[in-house]
Amino acid sequence: MELATLDQILEGKGKEPFDVIEVLQDIQQTYRYLPEDALCRVSEKLGIPLIEVFRLANFYKAFTLKPRGRHLLTVCMGTACHVRGALRFLDEVLFQLAVQPGETTEDGAFTVETVNCVGACALAPVVILDGKYYDHMTPRKLRDLLNSAREKDKGGL
Amino acid sequence: MNKMVTITVDGARIETPEGMNVLEAALEAGICIPNLCYIPSVTPLGACRVCIVEVVQNGRSKMTASCTLEAKEGMVIRAHSEDIIRARRNIVELLLAEAPNSRAIQDLAARVGVTRVRYPMRNNSCVLCGRCVRVCDEIWQSKSLGFVGRGRNRHVALPFNKRPEFCKRCNACIDLCPMTITPCPGPMKEPAVCGLCGSQLSMAEDTPDTCVWCELGRGFQCARWQLKGVLNTT
């Protein structure tokens, strides 16, 4: 783990105990998860007991202690999406990516998560890829979406 | 020095420093309010709700945990009214269903008169009383363990499930845990309460506001069960 970046994160933030969420958010964004040694450092630097940092990391859904993939695919399982076949659609997602909810694909590209409702019921069934909402999902649309994300990855590398 | 106030618990007038919690004041005066998560000299949490009492204000009463209730001048407390006894039994019944294999909770059940459990048994090993967490935090200033997770996934854990360097290995968390006390060796049927602690129960029922020193883990001497053991062996 490159601790240099962690130092940079800690440098730019306040040193008060209430700054911890902000710091954790930045670490989550940089590493796509919260590494154990990073949490130990945060606890030392901000003067918060390690158990408090650990509790926060466990409490908020935005934080993960397991590495996430490059893309986060969130499948809405709300009532409206459920009626429009979210369960079957989730099966399709899991089949196409060969993972279980909460897991990351082997190549580290996608992490699949389920969420109870995103409040976009008129667009059901909805998936969110990296914060962008995609409406009226079908298996076909999903395949295109995943492929375009993979293409973007290749272009970027 | 704190100002002394007078509160009334089950009709008895008690003098206590202002701001002292009602549970401690009552116990000091020898009035027994059953309790589980309360540890003297540690901040009360009000997690187990066993020490529930009724506070009468303007002719109306409301139920609240006495360990987190601060004594105020002229407070009228009912610790053993019909409603309270019923509510307390229900609370202990739920605790017993959650974690039946604890002597502390079995004793509590015998003390408040729970003889059957109507809820499905969970057989958990923790009732989230927070005794370990608070003693580690406040007495030993170590903060090695705490509550992790939320909702039904809330549990006591160590950071990354490893014993941290700053844990003093005082084992106070284990000492104070109600689950580490070996359960009653009595003739336990499926619903965890054998109902043979009847003599104890009647003692507590006949003189409801007398402290029977049901110190956590000390255990009732289950007279009838002991007698039964003698009868069986001879």
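All values derive from a computational prediction rather than experimental measurement. (Residues numbered from 1 in each chain as written. Chains lettered and ligands numbered in written order. Predicted model: local features only at pLDDT ≥ 70, side-chain atom pairs only at ≥ 80, totals over all residues. Heavy atoms only, no water.)

Regarding the environment of Ile-174 of chain B
- Take Ile-174 of chain B: it is sitting in helix α5 (residues 172-176).
- Spatially, the C-alpha atoms of Ile-174 of chain B and Cys-132 of chain B are 7.0 Å apart, while their sequence positions differ by 42 residues. (Helix = DSSP H or I, 4+ residues; strand = E, 2+ residues; numbered from the N terminus.)

Details of the interface of chain A and chain B
- Contacts between chain A and chain B engage 11 residues on the former and 14 residues on the latter.
- Of the roughly 1,100 Å² buried between chain A and chain B on both sides combined, carbon and sulfur atoms contribute 75%.
- Its salt-bridge partner being Lys-162 of chain B, residue Glu-36 of chain A comes within 2.5 Å of it at the nearest N-O pair.
- At the boundary of chain A with chain B, the tally comes to two residue pairs in polar contact (both at pLDDT 80 or more).
- At the level of secondary structure, the elements contributing two or more residues to the side of chain A that touches chain B comprise α3 (36-46) and α4 (50-59) of chain A.
- When residues in the side of chain A that touches chain B are grouped by element, the largest group, six residues, is from α4 of chain A.
- When grouped by side-chain class, the residues that make up the side of chain A that touches chain B number seven nonpolar, one polar and three charged. (Contact = heavy atoms within 4.5 Å. Buried area = accessible area lost by both parts, 1.4 Å probe. Salt bridge = Lys/Arg side-chain N within 4 Å of Asp/Glu carboxyl O. Polar contact = N/O pair within 3.5 Å; in protein donor to acceptor, adjacent residues only side chain to side chain. Nonpolar A, V, L, I, M, F, W, Y, C, P; charged D, E, K, R; others polar.)

Concerning the packing of helix α2 (residues 20-31) of chain A against α3 of chain A
All names here are of chain A.
- At their nearest, the axes of α2 and α3 sit 11 Å apart, and the two run at 155° to each other. In terms of orientation, α2 lies roughly antiparallel with respect to α3. For the pair α2 and α3, the sense of crossing is right-handed. Taking contact as the criterion, the partners of Val-20, Val-23, Leu-24 and Ile-27 in α2 are, on α3, Ala-38, Leu-39, Val-42 and Leu-46.
- Its residues assigned to classes, the contact of α2 with α3 shows eight nonpolar, no polar and no charged. (Axes fitted to C-alpha atoms, helices over the stretch in contact; angles between N-to-C directions. Parallel < 35°, antiparallel > 145°, perpendicular 65-115°, else oblique. Left-handed = near helix turned anticlockwise from the far one by under 90°.)

Here's the deal with the packing of helix α2 (residues 82-98) of chain B against helix α3 (residues 103-112) of chain B
Residues and elements named next belong to chain B.
- In the contact formed by α2 and α3, the axes pass within 10 Å of each other and the chain directions differ by 155°. When the interaxial angle is binned, α2 and α3 end up roughly antiparallel. When you trace α2 past α3, the crossing you get is left-handed. Here α2 contributes Arg-88, Arg-89, Val-92, Leu-95 and Leu-96 to the contact with α3, which in turn contributes Ile-105, Gln-106, Leu-108, Ala-109 and Val-112.
- The class makeup of the residues in the contact of α2 with α3 is seven nonpolar, one polar and two charged.

Digging into the environment of Pro-40 of chain B
- Within the secondary structure layout, Pro-40 of chain B lies in the loop between α1 (22-28) and β3 (52-57).
- Along the backbone, Pro-40 of chain B and Glu-24 of chain B are 16 residues apart, and their C-alpha atoms lie at a distance of 7.8 Å.

A few points about the sheet that holds strand β1 (residues 4-9) of chain B
Residues and elements named next belong to chain B.
- Across the sheet, which stays open at both edges, the five strands sit in the order β2-β1-β5-β3-β4 with mixed pairing between neighbours. Since the sheet does not close on itself, it has two edges, and those belong to β2 (12-17) and β4 (60-65), each with one partner. When the angles between neighbouring strand axes are averaged without regard to direction, this sheet yields 35°.
- Pairing between β3 and β4: six bridges, direction antiparallel. (Pairing = 2+ DSSP bridges.)

The quantities given are spatial measurements derived from coordinates; they are silent on function.
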